[in-house]
Amino acid sequence: MFSRNNFVFIEGRYIMEFLKTNKRFFFKLGTTRVWDLNYKSEVTEDNNTLITTYYFEGGLKVTNIAKKYEKFDAYEWVNYIENTSDTPTDIISELWDCDCTLPLEHESPRKWEAYFPDTNTATKIYAPTGSTWTMDEFYSNIDAIKDNNRINHIYPGMTKSYSASGGRSSENNAPFFNIHKNGKGYIFAVGWTGQWNCLVERTEDDITFKSKIEDTHFKVMPGEKFRTSSVVIMPYEGNVTASH
């Protein structure tokens, strides 16, 4: 997970050191959490590309390839998972290709009062709908109210979930998100051509973004290798229009 201590604010831009100091994915092997397994790791760096390879007991190998795009202070990564043994792995499940917690301006828990909190200071998730054959597809009505809640505002203690539908990456929800509060925020993009889902969780001082290929639950056979979905994260300062 990423800590706010890994961010330095210089000339209005976040400089992230988490590529070198933090793990960026999660899964279970059998019933064991990945980071509770025995493993060794190797790191190689080439300009703005960081390759971290994890060798787990039993022959499972995970390679995380992360890149920094200096011009935009944007970061992208993808994972490759391989079975280097001669026997199948245990079941891999709960495979989150991205699992990261990033600092976001403090927000106190919502008080349940008779009126809505100030829309100008709320944490907002610009999450456009995908292709839904309607007039408002690929649109985010950021202050929309449904069932007496602002569906695109998120408060401490809340978790919101998003997913594609029909196995199409931009049906129902598009895989693009802009999480914004008071002139600062993050743009996230999920890179996958099929079914994906993600979770966004707000605490008082952080935002957690988790994304994955939906319903992962499988063994990796000897010699098999595959890639996960990718993710792009771009921190920014300014209004939402300027961030785009």
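Small disclaimer: the values here were computed from a predicted structure and weren't measured.

Peer 1: Before we move on, could you go through the overall build of the protein chain and cite the residues and values that matter?
Peer 2: Looking only at helices and strands, the protein chain has two helices and 22 strands in total. Taking 18 Å as the expected radius of gyration for a compact globule of 244 residues, we find that the protein chain reaches 19 Å, a close match to that expectation. Burial statistics for the protein chain: of 244 residues in total, 45% are counted as buried. Of the contacts formed within the protein chain by residues at least 6 apart in sequence, a portion of 62% connects residues at least 24 apart.

Peer 1: Now, about the nonpolar core: what can you tell me, with residues and values included?
Peer 2: Within the largest apolar cluster, 26 residues are counted, with the highest numbers of intra-cluster contacts made by Ile125, Tyr162, Phe177, Phe188, Val200, Phe209 and Ile233. Only β8 (74-83), β10 (98-103), β16 (176-181), β17 (184-191), β18 (196-202), β19 (206-213) and β22 (230-237) provide two or more residues apiece to this core. In contact with phenylalanine 209, other than residues within four places in its own chain, are Cys98, Asp99, Cys100, Phe177, Phe188, Val190, Cys198, Leu199, Val200 and Val231. Counting residues in each nonpolar core, the second largest holds 14 residues, with Leu29, Ile92, Trp96 and Val220 among its members.

Peer 1: Break down the pairing of strand β7 (residues 60-69) for me, with residues and values.
Peer 2: Two elements, strand β6 (residues 49-56) and β7, share seven bridges in a ladder whose sense is antiparallel. By the bridge assignment, leucine 50 is partnered in β7 with alanine 66. Where β6 hands over to β7, the hairpin turn is made up of three residues, of which glycine 58 adopts a positive phi near 100°. When β7 meets β8, the two strands line up antiparallel, connected through ten bridges. When the bridges of β8 are listed, lysine 67 appears paired with glutamate 76. In textbook terms, the turn of a hairpin is the stretch between consecutive antiparallel strands, and for β7 and β8 this stretch comprises four residues, one of which, aspartate 73, has a positive phi near 50°.

Peer 1: Run through the environment of cysteine 98, naming residues and quoting values.
Peer 2: Mapped onto the secondary structure, cysteine 98 falls in strand β10. Between the C-alpha atom of cysteine 98 and that of phenylalanine 26, which follows or precedes it by 72 residues, the distance is 7.4 Å. Every residue in contact with cysteine 98, bar those within four places of it in the chain, is listed here: Arg24, Trp77, Phe209, Lys210, Ser211 and Val231.

Peer 1: Lay out the sheet that holds β19 with the relevant residues and their values.
Peer 2: Pairing is antiparallel in the open sheet, where four strands are placed in the order β10-β19-β18-β15. Each edge of the open sheet carries a strand with a single partner, namely β10 and β15 (159-163). Going from strand to strand, the sheet's axes swing by 15° on average, the running direction of each strand aside. As judged from the five bridges shared by β15 and β18, these two strands associate in the antiparallel manner. The partner of lysine 160 across the bridge, within β18, is valine 200.

What counts, and where the lines are drawn
- Residues numbered from 1 in each chain as written.
- Predicted model: local features only at pLDDT ≥ 70, side-chain atom pairs only at ≥ 80, totals over all residues.
- Heavy atoms only, no water.
- Helix = DSSP H or I, 4+ residues; strand = E, 2+ residues; numbered from the N terminus.
- Rg over C-alpha atoms; globule rule 2.2 N^0.38 Å.
- Buried < 20%, exposed > 50% of the residue type's maximum accessible area, 1.4 Å probe, protein only.
- Contact = heavy atoms within 4.5 Å.
- Core = buried A, V, L, I, M, F, W, Y, C linked by side-chain atoms within 4.5 Å.
- Pairing = 2+ DSSP bridges.
- Axes fitted to C-alpha atoms, helices over the stretch in contact; angles between N-to-C directions.

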